[in-house]
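Structural features, examined
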Amino acid sequence: MSHDYFHDTDALITVRDWLRFGVSRMNQAKLFFGHGSTNAFDEAAYLILHTLHLPIDSLEPFLDACLTEVEREDLLLVFEKRVKQRVPAAYLTQEAWLGEFRFYVDERVIIPRSFIAELLREQLAPWVADAEAVQSGLDMCTGSGCLAILMAHAYPNALIDAVDISSDALAVAERNVTDYELQDRVQCIESDLFAQLDGRRYDVIVSNPPYVNADGMATLPAEYLQEPHLALASGEDGLAHIRTILQQAHKHLRPGGVLVAEIGHNRDALEAAFPELPFSWLETSGSDEFVFILAEDVLTQHFA
């Protein structure tokens, strides 16, 4: 006999009650956590605090607060969508965080979660020696525009191009650029990789392109299947996009420029496909296997 726990919530009165209920339902449903939080407790707390319009970093003072009927209905709806429909939390709250930066997101874009964000906090030092000297940057496959916006903050004198093949994604990126009042410095461009960028050159190119291979796409958790297929799949081996980026980046880098790209779990496949390229793998909180950097002169030497 299966129970629908969502039809039996009258006894849930306080924030603490709903937190317990949320954690129980998430664990029972064996949800996948990969879009900001890593466990049911953190995700339930976040969804409750956001839904109740409370500061998302202060759960403790509100645990024993009683909720109104309308608030309970709101929480029930949010938890039902998260558990029964496997909708990622970021789509439910229409926001995602990278460090201190908040971005608007919806189903038109992949949910921001790039390790490149950590590296931009350090302005890509020491590979970029002088952040003030960076005049131009490119965020290839920008999605929500998050890395382009982080680049604009990291490099205060730079103009940034935010490029994506999806006009839907760029509409979200434009909204985020406007929210950060960066319209004068960040330009959104619809382009299939470098196709529309003739003659444009950059000091720094970053990219978190699609990189899921065919086998990976076939076994993705339900939460990821809510994201745009276009933002995830990259051919049979997961390298379709990064191949093109590697082969063409030198035409769009200024002398002394760098390419930084994230490729998920494809390090071995990438190194096998380009054995002659001296990839430098960067340390992030994920590991040193996800993000590489290559200098303009190396790319020019191999692909020009």
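Whatever comes next refers back to the structure up there.
Here's what I pulled together on the structure shown here. (Residues numbered from 1 in each chain as written. Predicted model: local features only at pLDDT ≥ 70, side-chain atom pairs only at ≥ 80, totals over all residues. Heavy atoms only, no water.)

Within the open sheet, the seven strands sit side by side as β5-β4-β3-β6-β7-β9-β8. Their pairing is mixed. Every other strand in the sheet has two partners, leaving β5 (186-190) and β8 (280-281) as the edge strands with one partner each. The sheet contact formed by strand β7 (residues 253-262) and strand β9 (residues 291-295) spans five bridges and is antiparallel. The residue of β9 that forms the bridge with V258 is A295. The sheet contacts of helix α6 (residues 146-154) involve β3 (136-140), β4 (159-164), β5 and β6 (202-207), and relative to β3 the element is tilted by about 160°. (Pairing = 2+ DSSP bridges. Helix = DSSP H or I, 4+ residues; strand = E, 2+ residues; numbered from the N terminus. Contact = heavy atoms within 4.5 Å. Axes fitted to C-alpha atoms, helices over the stretch in contact; angles between N-to-C directions.)

Moving on to the packing of aromatic side chains. For any pair of aromatic rings, the description rests on two quantities: the centre-to-centre distance and the angle between the ring planes. Applying the stated criterion across every chain, the model contains eleven aromatic pairs. Ring centres of F6 and F21 lie 5.5 Å apart, and the angle between their planes is 85°; on these two criteria the pair is classed as edge-to-face. You can see F6 sitting in the segment before α1 (15-28) and its partner F21 sitting in helix α1, a full 15 residues away along the chain. Here F6 falls in the buried class, since its relative accessible area comes to 5%. Residue class for F21 comes out buried when judged on its relative accessible area of 3%. Positioned above the aromatic ring of Y5, the side-chain terminus of R25 is 3.9 Å from the ring centre. Looking at R175, its charged tip hangs above the ring of Y104, at a distance of 3.6 Å from the centre. (Phe/Tyr/Trp six-rings, centres within 6.5 Å; stacked < 30°, edge-to-face > 60°. Buried < 20%, exposed > 50% of the residue type's maximum accessible area, 1.4 Å probe, protein only. Lys NZ or Arg CZ within 6 Å of the ring centre and 35° of its normal.)

Most of β6 sits inside the fold, with six of its six residues counted as buried. The sheet contact formed by β3 and β6 spans four bridges and is parallel. In the sheet register, D139 faces β6, and the bridge partner there is V206. The pairing of β6 with β7 spans five bridges and is parallel. Each residue of the ladder has a partner; that of Y202, found in β7, is L253.

When β4 meets β5, the two strands line up parallel, connected through five bridges. Following the sheet pairing, A162 is matched in β5 by C188. On the question of chirality, the crossover connecting β4 to the parallel β5 by way of helix α7 (residues 167-179) is right-handed. (Right-handed = clockwise from strand over helix to strand, strands pointing away.)

This paragraph deals with α7. With 13 residues, α7 ought to run about 18 Å at 1.5 Å a step, and its terminal C-alpha atoms sit 18 Å apart, in line with that. Residues of α7 that are buried: A169, L170, V172, A173, N176 and V177. Buried residues along α7 cover an arc of 160° about the axis, so they all sit on one side. For α7, the side-chain oxygen to backbone nitrogen distance between the N-cap and D168 is 3.3 Å, and the N-cap itself is S166. (Expected span 1.5 Å × (residues − 1). Arc of directions from axis to C-beta. Polar contact = N/O pair within 3.5 Å; in protein donor to acceptor, adjacent residues only side chain to side chain.)

Two quantities define a packed helix pair, namely the angle between the axes and the distance from one axis to the other. Taken N-terminus to C-terminus, the directions of α1 and helix α2 (residues 40-51) make an angle of 130°; their axes are 9 Å apart at the nearest point. Taken together, α1 and α2 sit at an angle that is classed as oblique. In the packing of α1 onto α2, the handedness of the crossing is right-handed. Taking contact as the criterion, the partners of V15, W18, L19, G22, V23, M26 and N27 in α1 are, on α2, A40, F41, E43, A44, A45, L47 and I48. (Parallel < 35°, antiparallel > 145°, perpendicular 65-115°, else oblique. Left-handed = near helix turned anticlockwise from the far one by under 90°.)

Take the pattern of salt bridges next. Under the counting rule described, the total for this entry stands at 13 salt bridges. Between R200 and D161 there is a salt bridge, with its nearest N and O atoms 2.8 Å apart. Note that R200 is positioned in the loop between β5 and β6 and D161 in strand β4, a separation of 39 residues in sequence. Accessibility expressed as a relative area gives 7% for D161, which makes it buried. One connected set of salt bridges, linked through shared partners, spans D4, E80 and K84. (Salt bridge = Lys/Arg side-chain N within 4 Å of Asp/Glu carboxyl O.)

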